[in-house]
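# Secondary and tertiary structure notes
The chain contents come next:
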Amino acid sequence: MWDRLYHHCHLASMDPARIRETGAEEADDFAIIPDAAIAIEGSRIRWLGPRKNLPQSPEKLARQIIACDGRWITPALIDCHTHLIFGGNRVAEFNLRLKGIPYAEIAKQGGGIAATVRATRSATEETLLASALQRLDLMQAEGLGTIEIKSGYGLDRENELKMLRVMDRIQNARPIRVSRSFLGAHALPPDHDGDHDSYIDWLCDEMIPLIAAEQLADAVDGFCESIGFSPGQIDRLFRRARAHGLAVRLHAEQLSHQGGAALAARHGALSADHLEYLKDEDAKALAEAGTVAVLLPGAFYTLRETRLPPIAALKRHGVPMAIASDCNPGSSPLLSPLITLNMATTLFQLSPADALAGMTRQAARALGLQHETGMLREGFSADLAIWTIGHPAELSYWIGASPLHAMVLRGEAI
């Protein structure tokens, strides 16, 4: 028998195989199964489909039967780009930006990432864990089942390892899947006297081998930008990461066009993120590499940017598009997956179905988890969000309230 059977529900499976079966356009379809049932055995989905197609009556099929009273079930949400762990905050910079001072100028004056590095280095591991869990709890209350977390606010051996340890402690403290990214190439720390190349050498020679040998991270990330690192420096970093069996992803084309997206594509990166200054030929390269474009409307909103990512070019070339919060203390202090969905529709003009795919199926792909989670499909991890809504488009529609009724993560009711 199955462990649990949820029935009298509607499923937004987000499974493109079901979209193809119905002949609907993917951009306009949630792969809906109305009046459905879904069965869980262990940590896996074992059956789903129309309730009328159940092979026997529910009580003969499962040890526990849950009537959902017409609620909707989607895959649990996935935030594939966050900087959840950090010390302090940057509310003073918020006021500066309101006065019209650009983010790049604030960074040059010692603010931005450097300010958070100072606060994170001075914070204890316990303090970082407690504050990160407070933020995470708010996000999980809106249906989050998987989160990617980056380091990058330590920028030395001791503090980068401290951040990576906190990631593991979060995984143990909460029922959530954590994907860990080493973002040592986030900014140049002050103790390297402006020498970007020597810092990249240190990352390549010391940190990458250590992280790979001790399996401290799942991927290596970098910030390819005029206020970050050059394409040549990121290329060296990625070559070393790939040689040690680590996946790569990249902050690219956020504030200017540096060629980062094309570089990410050449290295087969899981994702290229931000992309406001992406060019058409870059979109083509991402598509050919299978690299996911991760769009970050929270940063676009917070920084009051006016240059939109080239959504039309990404669609034209068939680049998969994920959506993420970019939760961080400076450019995107966003703790709401549902508001992230709303921003993706209102600011980037994605359809509600594309937005939800961006925080389920496509976000899973951006983390290399596309065969594990992000869809309701037999054999996938039983990561479910159960909502009191009338249609899944409402997840992008409402602002400031969570209609989450219950969650199931890896088969366990939360």
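Presented here is an overview of the structure given in this document. Since we're looking at a predicted model, the values are computed, not measured. (Residues numbered from 1 in each chain as written. Predicted model: local features only at pLDDT ≥ 70, side-chain atom pairs only at ≥ 80, totals over all residues. Heavy atoms only, no water.)

Of the volumes computed, that of the largest pocket is approximately 340 Å³. In this structure, the largest pocket is lined by 21 residues; those nearest its centre are Ala107, Ala114, Ala187, Leu188 and Ile227. Breaking the lining of the largest pocket down by element, the ones donating at least two residues are α3 (103-108) and α4 (113-122). At 4 residues, α4 tops the list of elements feeding residues into the lining of the largest pocket. (1 Å grid on protein atoms, 1.4 Å probe; cavity = no way out; pocket = protein on both sides within 12 Å on 5 of 7 lines; lining within 4 Å. Points joined across faces, edges and corners; volume = space filled by probe spheres on them. Helix = DSSP H or I, 4+ residues; strand = E, 2+ residues; numbered from the N terminus.)

Here the idea is plain: a probe the size of a water molecule rolls over the atoms and shows the empty space left. The tally for this structure, following the rule as stated, stands at 2 cavities of 30 Å³ or more. Computed from the structure, the largest cavity encloses a volume of approximately 120 Å³. Considering the residues around the largest cavity, the lining is formed by 13 residues, among which Tyr103, Ile113, His186, Gln254 and Ser331 are closest to the centre.

Inspection of the secondary structure assignment puts Asp15 in the loop between β1 (2-12) and α1 (16-22). Among the polar contacts listed, one links the side chain of Asp15 to the backbone nitrogen of Ala17, at a separation of 2.9 Å. A distance of 2.7 Å separates a polar atom in the side chain of Asp15 from a polar atom in the side chain of Arg377. Excluding residues within four positions of it along the chain, Asp15 makes contact with Ala31, Arg361, Met375, Leu376 and Arg377. (Polar contact = N/O pair within 3.5 Å; in protein donor to acceptor, adjacent residues only side chain to side chain. Contact = heavy atoms within 4.5 Å.)

On to the sheet that holds strand β7 (residues 144-150), then. With parallel pairing, the 8 strands of this open sheet are ordered in space as β6-β7-β8-β9-β10-β11-β12-β13. Among the strands making up the open sheet, the edge pair consists of β6 (77-79) and β13 (321-323). Taking the axes of each pair of neighbouring strands and ignoring which way they run, one obtains an average angle of 25° across the sheet. Summarising the sheet, β7 and strand β8 (residues 177-185) pair through 5 bridges and their orientation is parallel. When the bridges of β8 are listed, Ile147 appears paired with Val178. (Pairing = 2+ DSSP bridges. Axes fitted to C-alpha atoms, helices over the stretch in contact; angles between N-to-C directions.)

Let us look at the pairing of strand β12 (residues 292-295). Side chains of β12 alternate between two faces, with Val292 and Val294 and Ala293 and Leu295 buried alike. Sheet topology note: the strand β11 (residues 271-274)/β12 ladder contains 3 bridges and is parallel. Within β12, the position partnered with Ser271 by the bridge is Val292. The parallel pair β11 and β12 is bridged by helix α10 (residues 280-289), and the resulting crossover is right-handed. In the sheet, β12 pairs with β13 via 3 bridges, with the strands oriented parallel. Along β13, the bridge assignment pairs Ala293 with Met321. (Buried < 20%, exposed > 50% of the residue type's maximum accessible area, 1.4 Å probe, protein only. Right-handed = clockwise from strand over helix to strand, strands pointing away.)

This next bit is on the pattern of salt bridges. This model, assessed by the stated rule, comprises 26 salt bridges. For the salt bridge of Arg174 with Asp137, the shortest nitrogen-to-oxygen distance reads 2.7 Å. Of the two residues, Arg174 sits in the loop between α6 (157-173) and β8 while Asp137 sits in helix α5 (residues 125-140), which places them 37 residues apart along the sequence. If you follow the salt bridges from partner to partner, you end up with Arg44, Arg177, Glu372 and Asp383 in one network. (Salt bridge = Lys/Arg side-chain N within 4 Å of Asp/Glu carboxyl O.)

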